[in-house]
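# Structural characterization, general
Here is how the chains run, residue by residue.
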Amino acid sequence: MKLTEFKALTFDCYGTLIDWESGMIAGLKPLTERAARSLSRNEILEAHARHESSQQKWTPGKRYRDLLPIVYKRLAEEWGVVATREECVAYGESVRDWPAFADSAEALQYLKKHYKLIILSNVDNESFSFSNKKLGVDFDAIYTAEDIGSYKPSDRHFDYMLEKLGTIGVEKREVLHTAESMFHDHAPANRFSLTSCWIYRRHADQGFGATMNPGDAPTVDFRFDSMADLVKAHAEEIRGAGL
């Protein structure tokens, strides 16, 4: 199997292209600085993952920027901190400030020359519009939780994506699903028999960070530690084939 065999890359955005963990840590400082005990980065991210995943299960139709304030409130309760409504709302709006990984924009500009690029994300449309500016590329399609009415790892997300890809001339066998999260992306990709590419951003860290533990490890077809490494491998395939 080669990277050059595919027609489209379907991307998770947050955690793969946008550094959501750094964004979360910055946005949660008003809580973590007032917590009764010192919290490690991974403790903060793992607590966030628990509350976010739970809230997405109970309110799948709520927009991400409206769901995050509830997560903030639940974290405040867990850590024994009094949080104002204004703080909660500000955290929901902080998604627009979450930074892109340093290699994302350049990698996407390269890949755009070779693939259709599609977003499949748990975000809302307004928040993604700010992230898209940081990524610097025109995606061929953008499918969000706000569009779909569910959150990954729900099968509904992938059913929706595959149906809509057909309308832009992409068949399932031509898709390489490209993501960091084992829980949100690679486990459902396995259920749908999608070829997958793991961008292992957390390769130098422990645990699953801002995503839940997927349980049994999903299988992946490609693994790279960064988007830059994916681009390097693609370029080497092209040179090797004399294309």
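All values derive from a computational prediction rather than experimental measurement.

Across its full length, the protein holds 11 helices and six strands. Over its C-alpha trace the protein gives a radius of gyration of 18 Å, about what one expects of a compact globule, namely 18 Å for 243 residues. Seen through its principal axes, the protein has C-alpha atoms that stretch 60 × 35 × 35 Å. Pairs at least 24 apart in sequence give 71% of the contacts found in the protein among residues at least 6 apart. For the protein, the computed accessible surface area is about 11,000 Å², with 49% contributed by carbon and sulfur atoms. Of the charged side chains in the protein, 31 are positive and 37 negative; the average position of the first set lies 2 Å away from that of the second.

It is worth spelling out the packing of helix α4 (residues 64–78) against helix α5 (residues 85–93) at this point. For the pair α4 and α5, interaxial distance at closest approach is 7 Å and the crossing angle is 130 degrees. In terms of axis orientation, α4 runs oblique to α5. Relative to α5, α4 is oriented so that their crossing is right-handed. Of the residues in α5, those in contact with Arg65, Leu68, Pro69, Tyr72 and Lys73 of α4 are Glu87, Cys88, Val89, Tyr91 and Gly92. Among the residues making up the contact of α4 with α5, the classes are represented as six nonpolar, one polar and three charged.

This part is about the packing of aromatic side chains. Counted according to the given criterion, the structure contains eight aromatic pairs. Residues Tyr14 and Trp98 carry aromatic rings whose centres are separated by 6.0 Å and whose planes lie at 75 degrees to one another, so their mutual orientation is edge-to-face. Separated by 84 residues along the polypeptide, Tyr14 in the loop between β1 (8–11) and α1 (20–27) and Trp98 in the loop between α5 and α6 (104–111) bring together distant segments of the chain. The exposure class assigned to Tyr14 is buried, which follows from its relative accessible area of 7%. Its relative accessible area of 1% is what places Trp98 among the buried residues. Here the aromatic rings of Tyr64 and Trp98 are separated by 6.5 Å at their centres, their planes lie at 80 degrees, and the arrangement is edge-to-face. Note that Tyr64 is positioned in helix α4 and Trp98 in the loop between α5 and α6, a separation of 34 residues in sequence. Given the relative accessible area of 3%, Tyr64 is considered buried.

The next thing to look at is the sheet that holds strand β3 (residues 141–144). Reading across the sheet, the six strands line up as β3-β2-β1-β4-β5-β6 and stay open at both edges, with parallel pairing between neighbours. Among the strands making up the open sheet, the edge pair consists of β3 and β6 (222–224). Shown here is a sheet whose adjacent strand axes are inclined to one another by a mean of 20 degrees, direction ignored. Looking at chain direction, β1 and strand β4 (residues 175–179) are connected through four bridges and run parallel. Counterpart to Ala8 in the pairing with β4 is Val175.

It is worth spelling out the pattern of salt bridges at this point. For the structure shown, the criterion picks out 18 salt bridges. Salt-bridge contacts for Arg65 lead to Asp124; the nearest nitrogen and oxygen are separated by 2.8 Å. With a gap of 59 residues between them, Arg65 in helix α4 and Asp124 in the loop between β2 (116–121) and α7 (125–135) connect regions that are remote in the sequence. For the pair shown, Arg65 and Asp124 are each scored as buried. A single salt-bridge network, built from bridges that share partners, covers Arg65, Arg96, Asp124 and Glu126.

Considered domain by domain, the protein is made up of domain 1 (3–19 + 99–241) and domain 2 (20–97). Inter-centroid distance (C-alpha atoms) of domain 1 to domain 2 is 24 Å. Domain 1 puts 28 residues into the contact, and the matching count from domain 2 is 24 residues. Between domain 1 and domain 2 lies a buried interface of about 2,200 Å² when both sides are counted; carbon and sulfur atoms form 52% of it. The largest per-residue losses of area from domain 1 upon contact with domain 2 belong to Asp19, Tyr151 and Ala210, which jointly make up 30% of the total buried on that side. Inspection of the domain 1/domain 2 interface yields four salt bridges. Our count for the contact surface shared by domain 1 and domain 2 stands at 15 residue pairs in polar contact (both at pLDDT 80 or more). Every element with two or more residues in the side of domain 1 that touches domain 2 is listed here: α7 and α10 (182–191). No other element matches α7, which puts five residues into the side of domain 1 that touches domain 2. Looking at side-chain class alone, the side of domain 1 that touches domain 2 contains 10 nonpolar, 10 polar and eight charged residues.

Parameters and conventions
Residues numbered from 1 in each chain as written. Predicted model: local features only at pLDDT ≥ 70, side-chain atom pairs only at ≥ 80, totals over all residues. Heavy atoms only, no water. Helix = DSSP H or I, 4+ residues; strand = E, 2+ residues; numbered from the N terminus. Rg over C-alpha atoms; globule rule 2.2 N^0.38 Å. Contact = heavy atoms within 4.5 Å. Areas by Shrake-Rupley, 256 points an atom, 1.4 Å probe, with all protein chains shown as cover. Lys, Arg positive; Asp, Glu negative; His and termini not counted. Charge placed at Lys NZ, Arg CZ, Asp CG, Glu CD. Axes fitted to C-alpha atoms, helices over the stretch in contact; angles between N-to-C directions. Parallel < 35°, antiparallel > 145°, perpendicular 65-115°, else oblique. Left-handed = near helix turned anticlockwise from the far one by under 90°. Nonpolar A, V, L, I, M, F, W, Y, C, P; charged D, E, K, R; others polar. Phe/Tyr/Trp six-rings, centres within 6.5 Å; stacked < 30°, edge-to-face > 60°. Buried < 20%, exposed > 50% of the residue type's maximum accessible area, 1.4 Å probe, protein only. Pairing = 2+ DSSP bridges. Salt bridge = Lys/Arg side-chain N within 4 Å of Asp/Glu carboxyl O. Domains from an automatic or database assignment. Buried area = accessible area lost by both parts, 1.4 Å probe. Polar contact = N/O pair within 3.5 Å; in protein donor to acceptor, adjacent residues only side chain to side chain.

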